Amino acid sequence: MNPFKSTLLILLTLASVDAFCQYTDVINSNRPGVSRSAFSVGTNVAQFEVGPYIIKEERTPTAAYEVSGFGVDFAARYGLLLEELEINIEGTYQNDTKTFASSFSSEDKRANFRFLAVGAKYLVFDPYKNAEEDKPNLYSWKANRQFKWKSLIPAVSVYVGANYDTKPNPYTFTGIEGFSPKVMVATQNNFSGGWVFVMNLIKDRIGTDQSDFQYILTLTHSFSPKWVIFGETQGIQSDFYADNLFRFGGAYLMGKDFQLDTAVTFNTKDTPSVFSVNFGASYRLDFHKDKEVDNGTSAKDEGQRRANRKGKTKKKKKNEDIPDKKINKQKKKDIDFDD
């Protein structure tokens, strides 16, 4: 739920993008799906996302085999120079055993990167930027949740990067090694009511015998400030491998900089069948500072204003509960005892 992408409040973050910048006051993670959000993490924010998983594949018709093992998805993201720009490195490392079911049963132990890529993503269009009408209505819950036609216009970003494949690699087509280009277009719609829709269109390993096209569609829903759920479908088409994968799961916001998540992945075919369960976490180091600090519109400024308002309210209530001792004391001072 890539951007499926785009974020619990992790994915809830995806539903509450700041109107003036990429940065949000809570973590914006691509997990637990595999899609990529249209938005970056924000300048001077370093974010790490990791998810160990177990995998089981089984092919039954011909050339029957079974794969059983584990792996880990990982990503490191950093907002560089511009609010719209993010650089990242991501990949999947897997260790498994492939067992062939034949009269001469044999095992093939495998371990390598299923993919390893480095690249940059840039937001080219943001329909939410400086949108005064998209600010929350403080007096109407209904107004904040009603459908807005403008939400049909998505934010759009482009990604350019490169894969690196080692040789030999049991997870790639024979002979593939070195660097190969990867490009992606990511879109994101933030709907009212905590709904976010992300779409990725990807062309991977361009110019190799394993060049493939992928699409990822992710729908997330934050039903509280802490919890988010998602559903995702991923299509893969190449001469080497084709599949349609489905994912479902959720995430929990432990703190504004830390998220936990889990998801299951499966398909509906047997060439091979796929089933996977993962558990993951996302954590960010937040050194972000808004460029427009003096206008008081930053997420941190808003948080400080709320804290100040709470403090004033408590102080006011405390003063109201104190008897008019000070008033009586002042009256006594006003009496002239020398007359």
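Criteria and thresholds
- All residue numbers refer to position in the chain's written sequence, counted from 1.
- For a predicted model such as this one, the threshold for reporting local features is a pLDDT of at least 70, and the threshold for listing and counting side-chain atom pairs is 80 or more; totals across whole chains, interfaces and linings nevertheless cover every residue.
- For side-chain calculations, the full set of non-hydrogen atoms in the structure is used, while hydrogens and water are omitted.
- Note on definitions: salt bridges are taken to be side-chain nitrogens of Lys or Arg within 4 Å of carboxyl oxygens of Asp or Glu.
- Helical segments are the DSSP runs of H or I of at least four residues, strand segments are the runs of E of at least two, and each set is numbered from the N terminus.
- Buried residues are those whose accessible area, probed at 1.4 Å on protein chains only, stays under 20% of the maximum for their type, while exposed residues exceed 50% and partly exposed ones sit between those limits.
- In what follows, a contact means two residues having at least one pair of non-hydrogen atoms within 4.5 Å.
- Aromatic contacts are taken between Phe, Tyr and Trp rings whose centres are within 6.5 Å, Trp giving its six-membered ring; a plane angle under 30 degrees counts as stacked, one over 60 as edge-to-face, and the others as tilted.
- For a Lys NZ or an Arg CZ to count as sitting over a ring, it must be within 6 Å of the ring centre and within 35 degrees of the ring normal.
- Think of pLDDT as the predictor's per-residue confidence, scored from 0 to 100.
- Buried Ala, Val, Leu, Ile, Met, Phe, Trp, Tyr and Cys residues form a nonpolar core when they are joined through side-chain atoms within 4.5 Å.
- Any two strands between which DSSP finds at least two bridges are classified as paired.
- Axis definition: a line fitted to C-alpha atoms, over the contacting stretch in the case of helices. Angles run 0 to 180 degrees between N-to-C directions.
- Polar contact criterion, stated in full: a pair of N or O atoms within 3.5 Å, where within protein one must be able to donate a hydrogen and the other to accept it, and residues adjacent in sequence count only if both atoms are side-chain atoms.

Colleague: What's the story with the pattern of salt bridges in this structure? I'm lost.
Modeller: Oppositely charged side chains can pair when the atoms bearing their charge come close. Tallied over the full model, the rule gives 13 salt bridges. A salt bridge links E49 to R77; the nearest nitrogen and oxygen atoms lie 2.8 Å apart. Of this pair, E49 sits in strand β1 (residues 45-59) while R77 sits in strand β2 (residues 65-79), placing them 28 residues apart in sequence. A residue is classified by how much of its surface remains accessible, and E49, at 4% relative accessible area, is buried.

Colleague: In this structure, what is going on with the environment of V196? I would like to understand it.
Modeller: Positionally, V196 belongs in strand β7 (residues 195-204). Overall, V196 belongs to the buried group, its relative accessible area being 0%. Put simply, V196 and S151 are 45 residues apart on the chain and 10.0 Å apart in space, counted from C-alpha to C-alpha.

Colleague: What am I meant to see in the side chain of N169 here?
Modeller: For N169, the position within the fold is in the loop between β5 (155-165) and β6 (178-191). Contact partners of N169, with chain neighbours within four places excluded, come to N112 and F113.

Colleague: Looking at this structure, I do not really get the packing of aromatic side chains. What am I missing?
Modeller: The relative placement of two aromatic rings is captured by the distance of their centres and the angle of their planes. One pass over the structure, following the stated rule, counts 9 aromatic pairs. Between F173 and F240 the ring centres are 5.9 Å apart and the planes differ by 80 degrees, which places this aromatic pair in the edge-to-face class. Here F173 is found in the loop between β5 and β6, whereas its partner F240 is found in the loop between β9 (227-237) and β10 (242-255), with 67 residues between them in sequence. Among the aromatic side chains, those forming a connected cluster through ring pairs are F74, Y93 and F113. Its guanidinium or amino end placed over the ring of Y65, K98 lies 4.3 Å from that ring's centre, counting from NZ or CZ.

Colleague: For this particular structure, what's the right way to read the confidence of the model for the protein?
Modeller: Close reading of the predicted structure is inappropriate where its pLDDT is low. Chain-level pLDDT for the protein is 82 on average; 73% of the residues reach the 70-or-more range. Mean pLDDT values for the elements of the protein range from 51 in helix α3 (residues 325-334) up to 97 in strand β11 (residues 258-266). The low-confidence segment residues 1-20 (pLDDT under 50) makes 120 contacts with residues lying over four places distant or belonging to another chain.

Colleague: Which parts of the structure should I look at to understand the environment of E58?
Modeller: Here E58 lies in strand β1. Relative accessible area serves as the criterion here: at 34%, E58 is assigned to the partly exposed category. In this structure, the C-alpha to C-alpha distance between E58 and F275, residues 217 residues apart in sequence, is 9.1 Å.

Colleague: Would you explain the nonpolar core in this entry?
Modeller: One recurring pattern in soluble globular proteins: nonpolar side chains tend to sit buried together. In terms of nonpolar packing, the biggest core is built from 7 residues, these being F115, A117, Y159, M184, A186, I202 and I216. Elements represented by at least two residues in this core include exactly β4 (106-125) and β6. Those residues within four positions of F115 in sequence are excluded, and the remaining contacts are R36, E90, G91, T92, N163, K182 and R205.

Colleague: Would you take a moment to explain the sheet that holds strand β12 (residues 273-286) for this structure?
Modeller: Within a sheet, each strand pairs with its neighbour through backbone hydrogen bonds, oriented either parallel or antiparallel. Reading around the circumference, β1-β2-β3-β4-β5-β6-β7-β8-β9-β10-β11-β12 is the order of the 12 strands in this closed barrel, with antiparallel pairing throughout. The sheet shows a mean angle of 20 degrees between the axes of neighbouring strands, direction not considered. Bridge count for β10 against β11 is 9 bridges, and the pairing is antiparallel. Of the residues in β11, the one forming a bridge with G250 is T262.

Colleague: Honestly, the side chain of Q259 in this entry has me stumped. Any pointers?
Modeller: As for its position among the elements, Q259 is in strand β11. The buried category is assigned to Q259, whose relative accessible area is 0%. Side-chain polar atoms of Q259 contact the backbone oxygen of R31, separated by 3.5 Å.

Colleague: Explanation requested: the environment of N112 in the structure shown.
Modeller: Within the secondary structure layout, N112 lies in strand β4. Considered as a pair, N112 and N95 are 17 residues apart in the sequence and their alpha carbons are 6.8 Å apart. Excluding its chain neighbours within four sequence positions, the residues that come into contact with N112 are T92, Y93, Q94, T166, P168, N169, P170 and Y171. Looking at N112, its side chain comes within polar contact range of the main-chain oxygen of P168, at 3.4 Å.

Colleague: Even after reading the chapter, I still don't get unusual backbone geometry, so can you show me in this structure?
Modeller: Excluding glycine, a negative phi dihedral is what most residues carry, and trans is how most peptide bonds are arranged. Between R31 and the following residue, P32, the backbone shows a cis peptide bond with an omega angle of 10 degrees. Within the secondary structure layout, P32 lies in the segment before β1. For the bond from T271 to P272, the omega torsion is 0 degrees, close enough to zero to count as cis. In this structure, P272 sits in the loop between β11 and β12. Even without being a glycine, N44 presents a positive backbone phi close to 60 degrees. Along the polypeptide, N44 turns up in the segment before β1.

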